[in-house]
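Observations on the model geometry
Listed here are the chains, written in short residue letters.
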Amino acid sequence: MPNLIQPQTLTVVLWLCISGCNMATHAQSGNSESPGNELEDSLIIEDESDELLESDTGDLLIIDDDETPADNTDYSSSTAGIAINLDQVWLEYGYFNRDSDADYQLFGNLEASLNWQAGHWEAEAGIRLETYYEHPSDDNIQPKRGDWDDTRVDYGDTFVRYKGRHDVVTVGAQTIIWGRIDEFPPSDRLSTQDLRRGILDDLEERRLPSLALRYEHFFRNSQLDVFYLPKFRETELPGQHSVWYPINQQQGTILGLDTNSMVEHVVRTTPVREDEPENDGGAGLRFSQLGNNLDFAVGVSRGIATLPYFAYNPVSNQIRAHYLRSTTLFGDLGFEALGGTVKFEAAWNSDSPVTRSDGRFTSVESLAWGIAFELFPGDADTRINLQLIGNHLLDNPSVLDRDNALAFNGSLESPFGDNNWRARLRFNIGLDMHDLYLNPELTYTGIRNQEVYLETHVFDGAKGSVGGFFEDNSLLTVGWRLNL
């Protein structure tokens, strides 16, 4: 379908919205806080004092001395109200400073929502307006690659929620992220990913809402969380001509595969199909417990991993996207030690897709795990998060995939200059093979609710690694973001 909105038009629309919508137009004086899915430590419930619990619905749950946490809001006397919120406006320019097939890229994002609350009930409707544009390099021998643009209107979190004394039921499009490890939580298998900008963004920005029925029950210091996805929503990928697409047909490579000459020839000459399954996405159950010295969670899910796996189909002579239904058993725990927080997380998957050395597609069991240490040295404003993560294919044949992936990653963040500036570094270093990603960032935060940032994304690595696949796409970006 041709794009009816050009990137330049969207930019004008965004600026008009900023000047005309410096609003959080509230038709009520009650709580208009939209339901949050920002899971600090990725726990569904958080506990700082063993007296107050906060669920990912954004509601404060006060522990009743008798038995279970209770929402003590007097719903019978609460006043209904509607809030219209401009949640975020984001503009970014990126310049590719290596041998990328694109010269530069543009990105624009606007998110708004309407929230209504009355008594036990809450409803929200979210909207996202986004544009992506890549300008091909003059040296591109095949102008198709690096020449991609897309502008669309999409839905954000849109749901109806009932909040009882100990129970919360939510029906509609919602973002659910399970797990404790930052960036790559092993427990998070069924949430819909957004990879239209590769891995440039944080985890929260790389997740999209999916249609779900969710039930949460709160005990005194624990929670039962159950959800069902009646319709599968696949990962959002960029267009096949984008430099962030996981298949590079010019080079004959596929993201994550150590290809050989035979595979590279097939990839260069074979059409790609992305057909997704037309059925339910699956279901999951998670139980989390908060303790004085130890927090933990265990759970199980059965569903379709939203990230596609591309493999050659000799019958149709196509490279096709595979979406496998898998059973996942997972658990995580956290405790205070060494002046910070230590986190563990692991997940066993019954069906992980792989490509044999002869090019055939199959699946094997796998084990993913992570160990993290989070520290706030000196003061609470500086944060250091260090992680060791691994993914192992169990009893696998000879494959082109990374069968024992091991990486050291994390982030360092610190404000300075009277909290008007913020320095940050994200990184990932492969330990089983050469694989490097560095993302230093300098941000000015001195304007209320606004950020102006300069950052660079550096990729490097061997064939078969993420850094190696994107090594030509290292870029320098400058951006502006309004968060309300």
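Analysis parameters
- Residues numbered from 1 in each chain as written.
- Predicted model: local features only at pLDDT ≥ 70, side-chain atom pairs only at ≥ 80, totals over all residues.
- Heavy atoms only, no water.
- Helix = DSSP H or I, 4+ residues; strand = E, 2+ residues; numbered from the N terminus.
- Contact = heavy atoms within 4.5 Å.
- Pairing = 2+ DSSP bridges.
- Buried < 20%, exposed > 50% of the residue type's maximum accessible area, 1.4 Å probe, protein only.
- Polar contact = N/O pair within 3.5 Å; in protein donor to acceptor, adjacent residues only side chain to side chain.
- 1 Å grid on protein atoms, 1.4 Å probe; cavity = no way out; pocket = protein on both sides within 12 Å on 5 of 7 lines; lining within 4 Å.
- Points joined across faces, edges and corners; volume = space filled by probe spheres on them.
- Nonpolar A, V, L, I, M, F, W, Y, C, P; charged D, E, K, R; others polar.
- Arc of directions from axis to C-beta.
- pLDDT = per-residue confidence, 0-100.
- Phe/Tyr/Trp six-rings, centres within 6.5 Å; stacked < 30°, edge-to-face > 60°.
- Salt bridge = Lys/Arg side-chain N within 4 Å of Asp/Glu carboxyl O.

Helix and strand content of the protein: 3 helices and 31 strands. Within the protein, counting contacts between residues at least 6 apart in sequence, those at least 24 apart form 61% of the total.

Attention now moves to the sheet that holds strand β21 (residues 309-313). Judged by pairing direction, the sheet is mixed, and its 3 strands sit side by side in the order β18-β22-β21 without closing on themselves. Single-partner strands in this sheet number two, and they are β18 (272-273) and β21. Bridging between β18 and strand β22 (residues 318-322) involves 2 bridges; their strand directions are parallel. For Val 272, the partnering residue across the bridge sits in β22 and is Ile 319.

A few words now on the side chain of Thr 456. Here Thr 456 shows up in strand β30 (residues 450-461). Under the relative-accessibility criterion, Thr 456 is labelled buried at 19%. In this structure the side chain of Thr 456 is engaged in a polar contact, spanning 3.1 Å, whose partner is the backbone oxygen of Leu 475. Ignoring anything within four residues of it in the chain, the contact list for Thr 456 reads Leu 438, Asn 439, Pro 440, Leu 475 and Leu 476.

We now examine the pairing of strand β8 (residues 121-136). In the sheet, strand β7 (residues 102-118) pairs with β8 via 16 bridges, with the strands oriented antiparallel. Residue pairing in the sheet places Ala 102 in a bridge with Pro 136 of β8. Adjacent in sequence and paired antiparallel, β7 and β8 are bridged by 2 residues, among which Gly 119 carries a positive phi angle near 60°. In terms of strand pairing, β8 meets strand β10 (residues 158-163) through 4 bridges, oriented antiparallel. The partner of Glu 122 across the bridge, within β10, is Arg 161. One ladder, built from 8 bridges, connects β8 with strand β9 (residues 148-155); its direction is antiparallel.

Our focus in this paragraph is empty space enclosed by the protein. Summed over the entire model, instances satisfying the criterion amount to 6 cavities of 30 Å³ or more. When its volume is computed, the largest cavity comes out at roughly 150 Å³. Around the largest cavity, the lining is made up of 17 residues, and of these Ile 176, Asp 188, Leu 190, Ser 191 and Phe 227 lie nearest the centre. Elements with a minimum of two residues in the lining of the largest cavity: β14 (210-218) and β15 (222-229). Grouping the constituent residues of the lining of the largest cavity by class yields 8 nonpolar, 7 polar and 2 charged.

Turning to helix α2 (residues 261-269), a few remarks are in order. Taken together, the buried positions of α2 are occupied by Val 263, Glu 264, Val 266 and Val 267. Taken down its axis, α2 places every buried residue within 160° of arc, on the same side. Exposed and facing more than 90 degrees away from the buried side of α2 are Ser 261, His 265 and Thr 269. On its buried face, α2 is in contact with β16 (247-248), β17 (253-254), β21 and β22. At the N-terminal boundary of α2, the capping side chain belongs to Asn 260, with an oxygen 3.2 Å from the backbone nitrogen of Met 262.

Okay, the confidence of the model for the protein next. Interpretation of this model should avoid reading the predicted coordinates in detail wherever pLDDT is low. With 82% of its residues at a pLDDT of at least 70, the protein reaches an overall mean of 85. Contacts of residues 1-78 to residues separated by more than four positions or lying in other chains number 175 contacts, the stretch itself having pLDDT below 50.

Quick look at unusual backbone geometry now. At Glu 183, a position not held by glycine, the phi torsion is positive, near 70°. Structurally, the position occupied by Glu 183 is in the loop between β11 (167-174) and β12 (192-193). Even without being a glycine, Asn 419 presents a positive backbone phi close to 65°. Examined against the element boundaries, Asn 419 turns out to sit in the loop between β27 (404-416) and β28 (421-430).

Our next topic: the packing of aromatic side chains. Per the stated rule, a full pass over the model turns up 22 aromatic pairs. Each ring, one from Trp 244 and one from Phe 459, has its centre 6.0 Å from the other, and the planes form 55°; the classification is tilted. Remark: Phe 459 occurs in strand β30 and Trp 244 occurs in the loop between β15 and β16; sequence separation between them is 215 residues. Its relative accessible area of 3% is what places Trp 244 among the buried residues. Ring geometry for Phe 459 versus Phe 470: centroids 5.7 Å apart, planes at 55°, classification tilted. Residue Phe 459 is located in strand β30, and its partner Phe 470 is located in the loop between α3 (466-469) and β31 (475-483); the two are separated by 11 residues in the primary sequence. You'll find Phe 459 and Phe 470 in the same group, each marked buried. Here a set of aromatic residues connected by ring pairs shows up, and it is made of Phe 96, Trp 244, Tyr 437, Phe 459, Phe 469 and Phe 470.

This paragraph deals with the pairing of β10. Burial along β10 is one-sided: the residues Phe 159, Arg 161 and Lys 163 are buried and none of Thr 158, Val 160 and Tyr 162 is. Of the pairings in the sheet, the one linking β10 to β11 comprises 6 bridges and is antiparallel in character. Within the sheet, the bridge partner assigned to Lys 163 lies in β11 and is Val 168. Where β10 folds back on β11, the antiparallel hairpin that results is connected by 3 residues.

The next subject is the side chain of Glu 183. Judged by relative accessible area, which is 18%, Glu 183 ranks as buried. At a separation of 3.0 Å, a polar atom in the side chain of Glu 183 contacts the side chain of Arg 206. Apart from the residues lying within four places of it in its own chain, the contact partners of Glu 183 are Asp 202, Leu 203, Arg 206 and Arg 426.

According to the stated counting rule, one finds 40 salt bridges in the structure shown. With its nearest N and O atoms 3.6 Å apart, the salt bridge here joins Glu 122 to Lys 163. Of the two residues, Glu 122 sits in strand β8 while Lys 163 sits in strand β10, which places them 41 residues apart along the sequence. According to the relative accessible area criterion, Glu 122 is buried, its value standing at 2%. Here Arg 233 ties to Glu 236 by a salt bridge, and the two come within 3.7 Å at their closest N and O atoms. In terms of burial, Arg 233 and Glu 236 fall into one category: buried. Each of Glu 183, Asp 202, Glu 205, Arg 206, Glu 413, Arg 422, Arg 424, Arg 426, Glu 441, Glu 451 and Arg 481 takes part in a single network of salt bridges with overlapping partners.

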